[in-house]
Amino acid sequence: MRPQLLAVPLAILFMLLGVVIGVVRLLFSGGITAQPLLPRLNPFHGELMVFGFLAVLIVTERYIGALPFKLNRSIHYMTYLVAVGAVLKVAGLVAGRQPLDALGSIVLAVGLVIYLYLLWGVGRQSAQPLPMRFMMLGGLLLLLTSLITIGKPATGNLALTLLMLSFPVFTILGERIELSRFLAPAVHARARWGLGLVAVASALLLVEVLAGTGVARLIYVAWAVLVAALAVPLFWAERPLMRGGTAGLSRYLGRHLLLAYLWLLLGLALMVLLAVAGQDKPLFDAATHSISVGFVGTMILAHGPVIAPALLGRAVAVARLSYYPLVLLTLGNFLRVGGYGLERAGLEVGLVVGVSG
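Below, the structure is looked at part by part. (Residues numbered from 1 in each chain as written. Predicted model: local features only at pLDDT ≥ 70, side-chain atom pairs only at ≥ 80, totals over all residues. Heavy atoms only, no water.)

A word on the packing of helix α2 (residues 45-66) against helix α12 (residues 281-312)
- The interhelical angle for the contact between α2 and α12, taken along N-to-C directions, is 30 degrees, at an axis separation of 12 Å. Between α2 and α12, the angle falls in the class roughly parallel. Here the hand of the crossing between α2 and α12 comes out left-handed. Here H45, F53, L54, L57, T60, E61 and I64 of α2 lie close against α12, whose contacting residues are H289, V296, I300, I307, A310 and L311. (Axes fitted to C-alpha atoms, helices over the stretch in contact; angles between N-to-C directions. Helix = DSSP H or I, 4+ residues; strand = E, 2+ residues; numbered from the N terminus. Parallel < 35°, antiparallel > 145°, perpendicular 65-115°, else oblique. Left-handed = near helix turned anticlockwise from the far one by under 90°. Contact = heavy atoms within 4.5 Å.)

Have a look at this one:
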């Protein structure tokens, strides 16, 4: 049995469940519904999306891409381990069973260790190992986060939330470097030093999560600035891709890239404001969802036509690519982030945020 036949439907199921929980949370917080749906799942929206959806999907995509390389046969078990570990972990979190949560985290961690080996092996056999190193950093942070969150939800914990988001963010940035090596070679030259910057940023977050530093605000500012120091040159180097092409896949990719990078930069700017303001729920939500929904969500749509053929074994009809998902995702997140901005300014706009989902 091909792993993607199990993993991709499971990832989509987790995604749908996580989206429903997120939408209902927005409706409830906006005063539109009287009570949240599935209240036991409500605190674990982030875990559903990161461990259940993104981890399973990304590991599966990397597995298929690594099949031409000479690697240990253990990689064939990797996708199953990550998928089973995600199911057990989420089940343990929802049921409040810490032993089940711990078992899921351990199984997930074993799968992620193999994932790190896969990235290391592919990097060794590639002419350009740098993208794999970014992905390895993201995978390592996901592994650590899966263990740190045993019996400890990430809701309301900014440092832990950023560690979870680091997995998709650094993986996507690594994929941009990998996919753009022919069209935007400057990406490689400008990103080599960026790996050290985001590694330092990640280490600061880890120290804050594990030990507490007393200077959390400075750490959040440092994380945002260091990630921006990588993202801004990447954004600048990829401008030809955003402008190139008037039709087909190049235009589709360019439109998505532009919006995705803008969302990332906005999220980092809001992160600095949040660090200055302190505990502030509207800014917390606006900053984290500018990155998670705006950047990560838009990049998933951008990479879909590139990744889907490998996952599904079918070609993509480029002429039929639609911009409706991009429009809806952008509009919904704009209402959410903008609504929270207006709420921060003292206006009552719960209805705007509530319907954004």
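Now that the structure has been shown, the text picks up again.
A look at the environment of A86
- Here A86 shows up in helix α3 (residues 75-95).
- The sequence separation of A86 and G123 amounts to 37 residues, and the corresponding C-alpha distance is 26 Å.
- When neighbours within four sequence positions are excluded, A86 is seen to be in contact with F14, F51, G52, V56 and L108.

A word on the pattern of salt bridges
- Inspection of the entire model under this criterion finds five salt bridges.
- Two residues, D101 and K89, come together in a salt bridge whose shortest N-O distance is 2.8 Å. Taken together, the residues D101 in helix α4 (residues 98-124) and K89 in helix α3 connect sequence positions twelve residues apart.
- Between R176 and E238 there is a salt bridge; the shortest N-O distance is 2.8 Å. Placement of the pair is R176 in helix α6 (residues 158-179) and E238 in the loop between α9 (216-237) and α10 (239-243), with a sequence separation of 62 residues. (Salt bridge = Lys/Arg side-chain N within 4 Å of Asp/Glu carboxyl O.)

Here we look at the packing of helix α1 (residues 3-29) against α2
- Taken N-terminus to C-terminus, the directions of α1 and α2 make an angle of 155 degrees; their axes are 8 Å apart at the nearest point. By the angle between their directions, the pair α1 and α2 is classed as roughly antiparallel. The two elements α1 and α2 meet at a crossing, and its hand is left-handed.
- Residues that form the contact of α1 with α2 fall into these classes: 16 nonpolar, six polar and one charged. (Nonpolar A, V, L, I, M, F, W, Y, C, P; charged D, E, K, R; others polar.)

A closer look at the layout of surface pockets
- One number sums up the size of the second largest pocket: a volume of about 410 Å³.
- What lines the second largest pocket is a set of 20 residues, among which E61, R62, G65, M132 and E178 lie closest to the centre.
- Listed by contribution, the elements that provide at least two residues to the lining of the second largest pocket are α2, α4, α5 (130-148), α6 and α12.
- Among the elements that take part in the lining of the second largest pocket, α2 stands out by supplying five residues, more than any other.
- Looking at the lining of the second largest pocket residue by residue, the class counts come to twelve nonpolar, three polar and five charged. (1 Å grid on protein atoms, 1.4 Å probe; cavity = no way out; pocket = protein on both sides within 12 Å on 5 of 7 lines; lining within 4 Å. Points joined across faces, edges and corners; volume = space filled by probe spheres on them.)

Observations regarding the packing of aromatic side chains
- Scanning the model with the defined rule gives four aromatic pairs in all.
- Ring plane angle 50 degrees and centroid distance 5.8 Å describe the contact between Y252 and Y323, whose orientation is recorded as tilted. In this pair, Y252 is assigned in helix α11 (residues 248-277) and Y323 in the loop between α12 and α13 (324-344), connecting sequence segments 71 residues apart.
- Judged by relative accessible area, which is 6%, Y252 ranks as buried.
- Given a relative accessible area of 26%, Y323 falls into the partly exposed group.
- Here the guanidinium or amino end of K89 rests over the ring plane of F51, the centre of that ring lying 5.4 Å away.
- Just above the ring of W236 sits the side chain of R239; from NZ or CZ to the centre is 3.6 Å. (Phe/Tyr/Trp six-rings, centres within 6.5 Å; stacked < 30°, edge-to-face > 60°. Buried < 20%, exposed > 50% of the residue type's maximum accessible area, 1.4 Å probe, protein only. Lys NZ or Arg CZ within 6 Å of the ring centre and 35° of its normal.)

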